Amino acid sequence: MIEIRDLHKHFGDLHVLKGIDLDVKKGEVLSVIGSSGSGKSTLLYCINSLEKIQQGSVKIDGIDVHAKNTDVNKLRQKLGMVFQQWNSFPHLTAMENVALAPRIVKGKSKEEALYIAETQLKHVGLGDKLKNYPSALSGGQQQRLAIARALAMEPEYMLFDEATSALDPEKVGEVLDTMRLLAEEGMTMICVTHEMGFARDVSDRVAYFHQGVMEEIGPPEQIFYSPISEHTKKFLANVR
Amino acid sequence: MFEYNFHWRPVLKSLPDLLQAGLLTLEVAVLSMVIGITIGLCLALMRMKLEGPLKWFAVSWIEVARNTPVLFQLFFFGFGLGAAGVNLPPYVIIVAGLSFNCAGYLAENFRGGFQAVPDTQINAARCLGMNGWQTYTRIIIPQVFRIVYHPITNQMVWAVLMSSLGMMIGFRELSGETQFFASRTFRIFEYFAVTAVVYYVIVKLILGSSRLLSARLFRY
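Every value quoted in this text rests on a predicted model; they were computed, and no experiment measured them.

> For this particular structure, what's the right way to read the packing of helix α5 (residues 139-151) of chain A against helix α6 (residues 169-184) of chain A?
Residue and element names in this part refer to chain A. Between α5 and α6, the least distance of the axes is 8 Å, while the angle of their chain directions is 20°. Our classification of the angle between α5 and α6 gives roughly parallel. Crossing geometry of α5 relative to α6 is assigned as right-handed. Along the contact surface, α5 presents G140, Q141, Q143, R144, I147 and L151, while α6 presents K171, E174, V175, T178, M179 and L182.

> Would you mind going over the sheet that holds strand β5 (residues 63-64) of chain A with me for this structure?
Sheet strands pair by backbone hydrogen bonding; their relative direction is either parallel or antiparallel. If you walk across this open sheet you meet the four strands as β2-β1-β4-β5 (chain A), and the pairing is antiparallel. Looking at the sheet topology across the chains shown, the edges are occupied by β2 (14-24) and β5 of chain A.

> So what exactly am I meant to see when it comes to the UniProt feature "transmembrane region" (unreviewed entry) in chain B here?
All names here are of chain B. Per the UniProt record, the feature "transmembrane region" (unreviewed entry) sits at residues 20-46, 67-85, 147-171 and 191-213. Between the C-alpha atoms that bound residues 147-171 the distance is 34 Å, and the span itself is 64% helix and 0% strand. Measuring from the first to the last C-alpha atom of residues 191-213 gives 33 Å, for a span that is 100% helix and 0% strand.

> Whenever I open this one, the packing of aromatic side chains confuses me. Can you help?
The geometry of an aromatic ring pair comes down to the distance between the two centres and the angle between the two planes. Residues and elements named next belong to chain B. Overall, the coordinates contain 17 aromatic pairs over all chains when judged by the stated rule. Taking the centre distance of 5.9 Å and the plane angle of 15° together, the rings of F6 and W8 count as stacked. For F6, a relative accessible area of 47% translates into the label partly exposed. Note on W8: relative accessible area 38%, which makes it partly exposed.

> In this structure, what is going on with helix α1 (residues 40-47) of chain A? I would like to understand it.
Think of an α-helix as turning once every 3.6 residues; residues three or four places apart then point the same way. Among the eight residues in α1(A), seven count as buried, and that is most of the element. A positive phi of about 70° marks A:S49, the residue just after α1(A).

Basis of the calculations
- Residues numbered from 1 in each chain as written.
- Chains lettered and ligands numbered in written order.
- Predicted model: local features only at pLDDT ≥ 70, side-chain atom pairs only at ≥ 80, totals over all residues.
- Heavy atoms only, no water.
- Axes fitted to C-alpha atoms, helices over the stretch in contact; angles between N-to-C directions.
- Helix = DSSP H or I, 4+ residues; strand = E, 2+ residues; numbered from the N terminus.
- Parallel < 35°, antiparallel > 145°, perpendicular 65-115°, else oblique.
- Left-handed = near helix turned anticlockwise from the far one by under 90°.
- Contact = heavy atoms within 4.5 Å.
- Pairing = 2+ DSSP bridges.
- UniProt positions renumbered as here; feature names shortened; annotations may be inferred.
- Phe/Tyr/Trp six-rings, centres within 6.5 Å; stacked < 30°, edge-to-face > 60°.
- Buried < 20%, exposed > 50% of the residue type's maximum accessible area, 1.4 Å probe, protein only.

And the structure:
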């Protein structure tokens, strides 16, 4: 379970997150929507400690992410993350991309790591691209590679930071399908997304962020069909 | 008017000695590059990651190495230290001088290389649970290495050619050896013409093997 309490984040004078309280239960799929600069991506960066926080706390299964004595490297193994810019490692083949972390972080044997890599790449539909370098893959394939790479660490939570925003329109579907597959398999996911269809169909809950505040959170039906907040209504009217 | 008669025989007779000296040139250049790459990498990291005296030490090194003649740098290690009572053998002077110079140039190549790898690669690696060391050695440095590979090759060629300054401090590498024979026989043109060919061949060998190696190393 992810427990976020009174989370504040500043970038210099900029108050990016203004007191976020949020719980995400095991098995839940939460979509976070909102306009650019509303703090939704920063929220993810604070959850896995890529960004320090100024106030409040984030706990993963009871462990305080930002506490001084927390082993962040160990904690991050529970948290898979997929970025907008997929960030595949260009000097490694698809197999090596996926096998590297299990091997050097988890200490698995080479054979074991390669087996995991092959399994996960097949899982996301890249079984025929094992030996390819990222430069030979399309954006959508690279993003699925990034998902496989995260999954190979057997995370308990997956964080998606606008995973489809940088893709060509015709490649968005294949990545969303992979995310859907994970949701169906029971993965706990927080998806920062601009894909309203995905948020509506796949999420258990949807949170709307507005200028660093979580304006509204609830089941997709509520957020999309009977939003309470005026800001939410306005945002949804604009994206539709 | 120009009644110069070429005499190649003395050159051919001393060719084995020249080739031997060519090997010494290569040895000095390779050694200087190994030291230069190691120090250059450290200087680049110091300049990028540190603040305070160590950063300024690195910056000063780079500034002096890049903006003063190599010959003066050699003279510093030779006559400069000599005046201070530290008398180094020519071999050490040339290796120290070239390493100093190469480190300065390579540091800037490395800095450019590091800046060319996006920060997001670090985030991606850290998110997989890799620590800072693993991130650098497994993700960042291999990518930097590819970016700086060809500049390093250039610097290697440059090191070979710069080592000819050994002649100025009485070191008998290829140029020093050539000078030695040339002044004994007065066949200056012939000797330096042949030596130029030897340099050319050495450089071509370096470029050729660099190309072969890069084809093996970088498959992406």
